[in-house]
Amino acid sequence: MHNQNLTWGQRDSAVNWHPFTAIKTAGEAVAIVRGEGAYLYDENGKRYIDAISSWWVNLHGHAHPYIAEQVYEQLRTLEHVIFAGFTHPSAVSLSEALLAVLPENQSRVFYSDNGSTAVEVALKMSLQYAYNRGEKKTKVLAFRQGYHGDTFGAMAVSGRSGWTEPFAELLFDVIHVDLPTAVNLAEIQAFIDQHADQIACFIYEPLVLGAGGMLIYEAEHLDALMRHCRSKHILLVQDEIFVGFGRTGRMFAADHLTEKPDMMCLSKGLTGGTMPLGVTTCTDAVYQAFSTDNVYGTLFHGHSFTANPLACRAALASMELLKSEETQASIARICRQHEAFRARIATHATINTDRQCVIRQCVVRQCVVRQCVVRQCGTILAMNLGGDGESSYFRNQYQHVFEALLQKGILLRPLGNVLYLVPPYCISNEDLESIYDSIIEVLE
Ligand SMILES: Cc1ncc(COP(=O)(O)O)c(C=O)c1O
């Protein structure tokens, strides 16, 4: 029996195992009992600004009343139904709403229940697309620093690092390439050519590699790589799980590109951060490759909670809010505030002194990925702590930065030495300013 005299944090320590947490050194988890707008409140009543949208999922603020109302209404109508041979209005309406805003070549929606599963589905679709057409294509092309999730397939197509090391021998073969720049593009293309006939698909995070260290690269170079892969009949799988739904300043990263993918993966902001849901969309050409008399041509994939009605309804409500003028204006406002902050820290003379903290401005257009220290793509702002500018999750000597900001009531959980902001769109200018001021204070 639990002891009522203990705090939620203490009770948690006795029973829970938290994700991405080194259990030997981890302290007690902060117990959050309530959320409202951009704020989270812990069990002692302390308020935190959620500056990373709770692992990049929240778009409109916590406990949003409109999303809550819609989910409640759905809950009283239909909470769940099997999605094989059955459907429901919220899934149909959500697919229609998504296809209306995705690149026009996307024509079918396959539901799952989180980002990693959306990636698994895309990988299976790509590999089976080749299988169904009698082609022997079993390799995947991906970025060396990419991240696509923690299930086995998603892990395999992510970069190799300490995260994947214990499973290294079990991960299937992936052809990894560096992020494209004006300098290495031709070299990457030549390398792809050597393996092209074995490659089923190219999976990539467009414009920003999130968990790999918020690495930002040029749309123009990605377009060139996409064009090249298409010319070699390699399917393009665009993982917009992080960058979708306004993070880059536009609805999708696809809106910055001229080339169109064959498949897209969405999750995180899909439901406004309210409920788990994953989506893999594809073109009609991909879909038709599964329309066959041979039963083995079927995509035998599904999860118990595929297209859960509550999650679909939350996503519909979130889409409505996202398309509103108010949210679109907020996204533009956050982009402008970040730009002003970049200009401000560029002229900040006292940083980079005693503690070896380097903050330099880096305009995305000029950035050489590895040396870029402060960078921005839309509402995403990131900076490397430490001297040489290389991003690494395993440089966790910056735990004190996280703790100092938490003390100040700001939730900014760095990725190793990469400090970043991915705020919910409802965040106020005052809160953004207080985050910027606190970052500078803590680093000084
Ligand atoms: C680009 C990208 N793809 C896939 C995933 C995996 O999503 P999930 O954590 O919902 O499994 C993430 C999660 O951070 C991500 O950033």
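From a predicted model like this one, the values you see are computed outputs, not experimental measurements.

Draft legend 1. Highlighting the side chain of serine 158. Within the secondary structure, serine 158 is located in the loop between α6 (152–156) and β6 (174–177). At a separation of 2.7 Å, a polar atom in the side chain of serine 158 contacts the main-chain carbonyl oxygen of alanine 154. Leave out the neighbours within four places in its chain, and serine 158 touches Gly146, Tyr147, His148, Gly149 and His176.

Draft legend 2. Structural detail: the site of the ligand. As a structural note, the neighbourhood of the ligand is formed by Trp56, Asn114, Gly115, Ser116, Tyr147, His148, Gly149, Glu205, Asp239, Ile241, Phe242 and Lys268. With respect to the ligand, the side chain of asparagine 114 contributes an N or O atom lying 3.4 Å from an oxygen atom. Interatomic distance of 2.9 Å between a backbone N/O atom of glycine 115 and an oxygen atom of the ligand. A per-class count over the shell around the ligand returns 4 nonpolar, 5 polar and 3 charged.

Draft legend 3. Expanded view of the sheet that holds strand β14 (residues 380–384). The strand order β13-β14-β16 describes an open sheet built from 3 strands, whose pairing is antiparallel. Two strands close off the open sheet at either side, each with one partner strand: β13 (374–377) and β16 (418–421). Here the strands of the sheet are splayed against their neighbours by 15° on average, with no regard to which way each runs. With 4 bridges connecting them, β13 and β14 associate as antiparallel partners.

Draft legend 4. Inspection of the pairing of strand β10 (residues 235–239) at higher detail. Of all 5 residues making up β10, 5 are buried, and the element is well covered by its neighbours. Both faces of β10 are covered, namely the face carrying Leu235, Val237 and Asp239 and the face carrying Leu236 and Gln238. In terms of strand pairing, strand β7 (residues 199–204) meets β10 through 4 bridges, oriented parallel. Following the sheet pairing, phenylalanine 202 is matched in β10 by leucine 236. Note: β10 against strand β11 (residues 263–266), 3 bridges, orientation parallel. Within β11, the residue paired with aspartate 239 across the bridge is cysteine 265.

Draft legend 5. Region of the structure containing a nonpolar patch on the surface. Side chains of Tyr131, Val295, Tyr296 and Phe300 sit close together on the surface and give an oily, nonpolar patch of about 520 Å² of accessible area. Mapped onto the elements, tyrosine 131 comes out in helix α5 (residues 115–132). A residue is classified by how much of its surface remains accessible, and tyrosine 131, at 56% relative accessible area, is exposed.

Draft legend 6. Region of interest: the nonpolar core. In this structure, Phe202, Met214 and Leu412 are the most contacted members of the largest nonpolar core, which totals 100 residues. In terms of residue count, helix α13 (residues 429–443) provides more of this core than any other element does, 7 residues in total. Counting residues in hydrophobic clusters, the runner-up holds 24 residues, among them Ala122, Ala154, Val157 and Leu299.

Draft legend 7. Seen up close, the sheet that holds strand β2 (residues 39–42). Spatial strand order, β1-β2-β3-β15: 4 strands in an open sheet with mixed pairing. Of all strands in the sheet, those bounded by a partner on one side alone are β1 (32–36) and β15 (410–411). With 2 bridges connecting them, strand β3 (residues 47–50) and β15 associate as parallel partners. Paired with aspartate 50 across the bridge in β15 is leucine 411.

What counts and what doesn't
- Residues numbered from 1 in each chain as written.
- Predicted model: local features only at pLDDT ≥ 70, side-chain atom pairs only at ≥ 80, totals over all residues.
- Heavy atoms only, no water.
- Helix = DSSP H or I, 4+ residues; strand = E, 2+ residues; numbered from the N terminus.
- Polar contact = N/O pair within 3.5 Å; in protein donor to acceptor, adjacent residues only side chain to side chain.
- Contact = heavy atoms within 4.5 Å.
- Near = heavy atom within 4 Å.
- Nonpolar A, V, L, I, M, F, W, Y, C, P; charged D, E, K, R; others polar.
- Pairing = 2+ DSSP bridges.
- Axes fitted to C-alpha atoms, helices over the stretch in contact; angles between N-to-C directions.
- Buried < 20%, exposed > 50% of the residue type's maximum accessible area, 1.4 Å probe, protein only.
- Patch = residues over 30% accessible without salt bridge, like charges linked within 9 Å, V, L, I, M, F, W, Y side chains within 5 Å.
- Areas by Shrake-Rupley, 256 points an atom, 1.4 Å probe, with all protein chains shown as cover.
- Salt bridge = Lys/Arg side-chain N within 4 Å of Asp/Glu carboxyl O.
- Core = buried A, V, L, I, M, F, W, Y, C linked by side-chain atoms within 4.5 Å.

Everything listed here is a matter of coordinates, which is why it stays silent on function.
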